[in-house]
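Remarks on the overall topology
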Amino acid sequence: MSTLPHALGQDRRIIWLAIVCAGIGLLLVGRLASWQLLPHPEVAASGLVGSDRANSIVPTRGSILDVNGQYLAASTVEYTIAVSPRLLSRDQKSKLLPVLSGMLGLPPEVISKTLQSEDSEYAVFGGYGKRFSVWVAEQIEQLDERNAFNTEISSRRVYPDGGLAAAMLGFIPYLNPDLAQTGQYGIEQYYNDVLRGTKGTWRGISDPWGNPVLMLLGGYVPAKDGADLVLCVDRNVQYAAEAILLEGIQENRATSGNIVVLDPKTGAVLAMANYPSYDPATYEQVKSADYYINSAISSVYEPGSVFKPLTLAAALEARVIRPTDTYDDRGEITVGQQRIMNSDRLPHGRTTMTELLAYSRNVGAAYVATLLGPARFYELIRRFGFGEITGVDLALESTGSMRVPGNPYWHMSDLGTNSFGQGIAVTPLQVVAAYGALANDGVLMRPYVVSQVREGTAVSRRAPFATRRVISSEVAQQITEMMANAVELGTDRTLLPGYRIAGKSGTSGIPDVGGYGGREVIASFIGFGPLPNPRFVILVKYDRPKEGYWGLDVAAPAFTKMGMFLVDYYGLPPTQSVAQATPNPAAPGR
Amino acid sequence: MKRRMLPLFYVHPGTTRVRVPHVDGRSVAFFGLVLFVAALAGGLYLRQASDVATLAHEIRELQRQKEWVQREITVLRAEVAIAGSLRRTRELGQHLGYTLLSAADTTRQLRVQYQVEAMSSAQATPTAMGVASEPAGVLAAPAKGASKLIERLLTQFQEWLDTSVEQTSPTSSSPSATW
């Protein structure tokens, strides 16, 4: 029979045991609650578990399409695939060897070398420049041993037609990681913010392999892909323009050139061809950064005689001349102590305004400019858009340069030389836009390249913008008629058989340190038609041709080819018979 | 015996017999209930935490799949762009035996010479290539055409009447040849 102290001792032990168990239980519950409910920044800092930092989701850059929906620039994604050999056993490596060889398309010995490499934490399959498709990366993610692999995504721009419209498109400098999503030049630069989209983020906890295991509430923000741009350029017209330009460059042995085609009613740029050009996909393989420049908007030149119709239009608008007026061409005129002569240095007696254009009389142009006076002349030239940007939606547009009264370097002789397009620097697009105003009843339209911006299902369309009325409708029709008559009078060939066009050739000297003494010129021809309802303005310009000299001989043939392509492509019916448009066999041709 | 000498939780022995500890049923039930509720709460908490984590994982998996699909779409779009390129079209054409025209090749185009009729001021719109003046003439004088037709029919009838029975083939000058 137990005694009292024995019974008491047993009870005491049970009670103490209960207390200790309860205490341990409470402690465990307390620590659990502490780890789960309270924040512990030291855990995130340890790096053993993924920290609560935002991971970015890269958006896809928007595409650039032509007016028919054909791609001019698109984006694709590629992957670099690496493996951590230390995380694979020998059996796993031998099992993966044939699988990876077939998956990655690499020889087994290359795969084996990569799997056996333990110099660094990760070994890249095929080297750092090797990229794999998204489907290969997906297959890697399906492997049981996926935790030993690392796939890194990179984006690349694709230009399906190579260098087509390169100067207009621009490029993405993929070789520079800091600028990997920043467009350079052209549309890629001008519309960079629209094209590149918005990065997404996700915030959560990831395991040591980097796999996300927990998403924080509100921690996922999807990426917003860039918008697609639809141009008003037709790639077939662009292709034809570039082919015709190249043909002329080779025939005339010119150093560079441009063809610009514009719709005068809307200002839409239908083609913009430059030579030399480059392939945006291999932008780094150019001889000089000058290749990136879109010379149609960024390079300036002295337009020469193509400026004369604008001088006459200004004079008609100011009513200092009438279309039927004449002047006495004595072969030279002095303006501001500067002697100005015709290109043939001959007098021609009584000359009409149409003959002034037809035979490109410098004396006549200077005479008309003196009738206008500096104030009215430069005011109207400014209204045509010279001396300011056209506002086209392309990067790096130049304003050109023009000395005007008030400029300390301006002289009265500038009035004389500017009247026939010398001593003034303009861009090809400015000249095209100004002629567009003549073709559009005197209204200057702002040129544009992008006609639509597509963000998902939302489409924003650009409306044509009339910059200003430059000249009256009556004056526009008068000058158009004079130019059309001048083309028929002054050329020894039909420029566009079956169609009536208004145009002007230009042969401008290139100034150097000593003046205009050099033999090199810029030969150009600009025209619009078919009359009476012009659909196109076409400028053809060749720089420093070695074969041929005059604009009518060097550039007009390319204008004819471009015009013929356009009327055929757009199915424009002829407005006159071939027999009706009889050229003047006696025309000297300029 | 003084109390200070007694152990803690001393129970006064009522008898010399060894007392078996008395288990109160209500206490057991109470503590059992407490344990059950605690276990239930703990279980619910664990279940909920597990469900949330599973759901979060599933959501992340779906988002990951969505991102993969979007990347596939991007790649396919690029392939469509390359497939529709002028370069590939030209290569396919050459493979099929087609040749590329130069930009303005007049030797391979059919050009029809025609004369544009002198138009009056009332008819100012240009006509399309190949459209002759005959339709305009017919539209302008329908009555004249009908009487001409009747005249022709009558002439043919007369000629037929004058034709001998032996003559079976029509002459080249007969009006029926002009039909």
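Up top is the structure.
Residues numbered from 1 in each chain as written. Chains lettered and ligands numbered in written order. Predicted model: local features only at pLDDT ≥ 70, side-chain atom pairs only at ≥ 80, totals over all residues. Heavy atoms only, no water.

Within chain B, the regular secondary structure consists of 4 helices and 0 strands. Beginning at the N terminus, the succession of helices and strands in chain B can be written as α-α-α-α. Counting every position in chain B, which comprises 179 residues, the buried fraction comes to 12%. On chain B, roughly 15300 Å² of surface is accessible, and the fraction owed to carbon and sulfur atoms is 63%. (Helix = DSSP H or I, 4+ residues; strand = E, 2+ residues; numbered from the N terminus. Buried < 20%, exposed > 50% of the residue type's maximum accessible area, 1.4 Å probe, protein only. Areas by Shrake-Rupley, 256 points an atom, 1.4 Å probe, with all protein chains shown as cover.)

When helices and strands are tallied, chain A shows 19 helices and 21 strands. In summary, chain A has a C-alpha radius of gyration of 36 Å against a globular reference of 25 Å for 590 residues, an excess of more than 25%. When its C-alpha atoms are laid out on the principal axes, chain A stretches across 155 × 50 × 50 Å. The burial tally for chain A puts 51% of its 590 residues in the buried class. Counting contacts in chain A only where the partners sit at least 6 residues apart, residues at least 24 apart contribute 73% of the total. (Rg over C-alpha atoms; globule rule 2.2 N^0.38 Å. Contact = heavy atoms within 4.5 Å.)

Before going further, it helps to examine helix H19 (residues 556–569) of chain A. Every α-helical turn comprises 3.6 residues, leaving residues that sit three or four positions apart pointing alike. Residues and elements named next belong to chain A. Over its 14 residues, H19 extends 20 Å from the first C-alpha to the last, a length consistent with the 20 Å expected when each residue adds 1.5 Å. Most of H19 is tucked away, with 10 of its 14 residues classed as buried. Those residues of H19 that fall on the buried side of the exposure criterion are Ala556, Ala558, Phe559, Thr560, Met562, Gly563, Met564, Phe565, Leu566 and Val567. Check the buried side of H19 and you find it contacts helix H9 (235–252), strand E9 (256–262), strand E20 (521–529), strand E21 (536–543) and helix H18 (551–554). (Expected span 1.5 Å × (residues − 1).)

Below, the discussion takes up helix H3 (residues 90–104) of chain A. Residue and element names in this part refer to chain A. With 15 residues, H3 should reach 21 Å at 1.5 Å per residue; the first-to-last C-alpha distance of 20 Å fits that figure. The complete set of buried residues in H3 reads Lys93, Leu96, Leu100, Ser101, Met103 and Leu104. Contacts from the buried residues of H3 go to strand E3 (71–83), helix H4 (108–116), helix H5 (134–142) and strand E5 (149–158). Among the residues trailing H3, Gly105 stands out with phi positive, at a value near 70°.

Here we take up the nonpolar core. Residues and elements named next belong to chain A. Core analysis: the largest hydrophobic core is formed by 100 residues, its most contacted members being Phe384, Phe386, Tyr435 and Leu438. Those residues in contact with Tyr435, other than ones at most four positions away along the chain, are Val306, Pro309, Leu310, Met483, Lys504, Ile526, Phe528 and Val537. With 35 residues, the next largest nonpolar core counts Leu270, Phe536, Val554 and Ala556 among its residues. (Core = buried A, V, L, I, M, F, W, Y, C linked by side-chain atoms within 4.5 Å.)

Taken together, B:Leu33, B:Phe36, B:Val37, B:Leu40 and B:Leu44 make up a surface patch of nonpolar side chains, about 520 Å² in accessible area. Within the element layout of this structure, B:Leu33 appears in helix H1 (residues 25–83). (Patch = residues over 30% accessible without salt bridge, like charges linked within 9 Å, V, L, I, M, F, W, Y side chains within 5 Å. Salt bridge = Lys/Arg side-chain N within 4 Å of Asp/Glu carboxyl O.)

This paragraph deals with the side chain of A:Asp329. Residue and element names in this part refer to chain A. Mapped onto the elements, Asp329 comes out in strand E11 (residues 326–329). Of the side chains with opposite charge, Arg361 lies nearest to the buried Asp329, which makes no salt bridge, at 4.4 Å. Among the polar contacts listed, one links the side chain of Asp329 to the side chain of Tyr327, at a separation of 2.8 Å. The residues touching Asp329, leaving out its near neighbours within four places in the chain, are Asn342, Leu346, Pro347, His348, Gly349, Thr351, Arg361, Val363 and Gly364. (Lys, Arg positive; Asp, Glu negative; His and termini not counted. Polar contact = N/O pair within 3.5 Å; in protein donor to acceptor, adjacent residues only side chain to side chain.)

Now for the sheet that holds strand E19 (residues 502–509) of chain A. All names here are of chain A. Strands sit in the order E10-E9-E21-E20-E19 across an open sheet of 5 strands; the sheet is antiparallel. Unpaired on one side and paired on the other, strand E10 (269–275) and E19 mark the two borders of the sheet. The sheet shows a mean angle of 5° between the axes of neighbouring strands, direction not considered. As paired elements, E19 and E20 share 8 bridges and run antiparallel to each other. Paired with Ala502 across the bridge in E20 is Phe528. (Pairing = 2+ DSSP bridges. Axes fitted to C-alpha atoms, helices over the stretch in contact; angles between N-to-C directions.)

This part takes up empty space enclosed by the protein. All names here are of chain A. Scanning all chains against the criterion turns up 6 cavities of 30 Å³ or more. For the second largest cavity, the lining is made up of 12 residues, of which Leu357, Ala358, Ala486, Thr491 and Ser505 are closest to its centre. Within the residue set of the lining of the second largest cavity, elements represented by two or more residues are helix H12 (353–358), helix H17 (473–490) and E19. (1 Å grid on protein atoms, 1.4 Å probe; cavity = no way out; pocket = protein on both sides within 12 Å on 5 of 7 lines; lining within 4 Å. Points joined across faces, edges and corners; volume = space filled by probe spheres on them.)

Now for the packing of aromatic side chains. Taken as a whole and assessed by the stated rule, the structure comprises 21 aromatic pairs over all chains. Each ring, one from A:Tyr378 and one from A:Trp410, has its centre 6.0 Å from the other, and the planes form 85°; the classification is edge-to-face. A residue pair is termed long-range when its members are at least 10 positions apart, and A:Tyr378 in helix H14 (residues 374–383) and A:Trp410 in the loop between H14 and helix H15 (412–418) qualify at 32 residues. Of the two residues, A:Tyr378 and A:Trp410, both sit in the buried class. By way of ring pairs, the aromatic residues A:Phe171, A:Tyr185, A:Tyr278, A:Tyr283 and A:Tyr292 are connected into one cluster. Looking at A:Arg535, its charged tip hangs above the ring of A:Tyr570, at a distance of 5.9 Å from the centre. One cation-aromatic arrangement involves B:Arg71 over B:Trp68; the distance from NZ or CZ to the ring centre is 5.1 Å. (Phe/Tyr/Trp six-rings, centres within 6.5 Å; stacked < 30°, edge-to-face > 60°. Lys NZ or Arg CZ within 6 Å of the ring centre and 35° of its normal.)

A separate point is the pattern of salt bridges. Residues and elements named next belong to chain A. Scanning the model with the defined rule gives 25 salt bridges over all chains in all. Between Glu247 and Lys561 there is a salt bridge, and its shortest N-O distance comes to 2.7 Å. Here Lys561 lies in helix H19 and Glu247 lies in helix H9, a separation of 314 residues in the sequence. The exposure class assigned to Lys561 is partly exposed, which follows from its relative accessible area of 22%. A salt bridge links Asp414 to Arg403; the shortest N-O distance between them is 3.0 Å. Within this pair, whereas Asp414 is found in helix H15, its partner Arg403 is found in the loop between H14 and H15, the two being separated by 11 residues in sequence. The exposure class assigned to Asp414 is buried, which follows from its relative accessible area of 8%.

Take the environment of A:Arg196 next. All names here are of chain A. Here Arg196 shows up in helix H8 (residues 192–196). Owing to a relative accessible area of 34%, Arg196 belongs among the partly exposed residues under this scheme. Once the C-alpha coordinates of Arg196 and Asp228 are considered, the two residues, 32 residues apart in sequence, prove to be 9.8 Å apart. Aside from chain neighbours lying at most four places away, what touches Arg196 is Pro59, Thr60, Arg61, Gln181 and Gly226. At 3.1 Å, the side chain of Arg196 forms a polar contact with the side chain of Asp193.

This next bit is on the packing of H3(A) against H4(A). Residue and element names in this part refer to chain A. The contact between H3 and H4 brings their axes to 9 Å, and the two run at 130°. Taken together, H3 and H4 sit at an angle that is classed as oblique. Here H3 runs over H4; the crossing is right-handed. Seen from H3, the contacting residues are Lys93, Leu97, Leu100, Ser101 and Leu104; seen from H4, they are Pro108, Ile111, Ser112, Leu115 and Gln116. (Parallel < 35°, antiparallel > 145°, perpendicular 65-115°, else oblique. Left-handed = near helix turned anticlockwise from the far one by under 90°.)

By themselves, these are just geometric observations and shouldn't be taken as functional.
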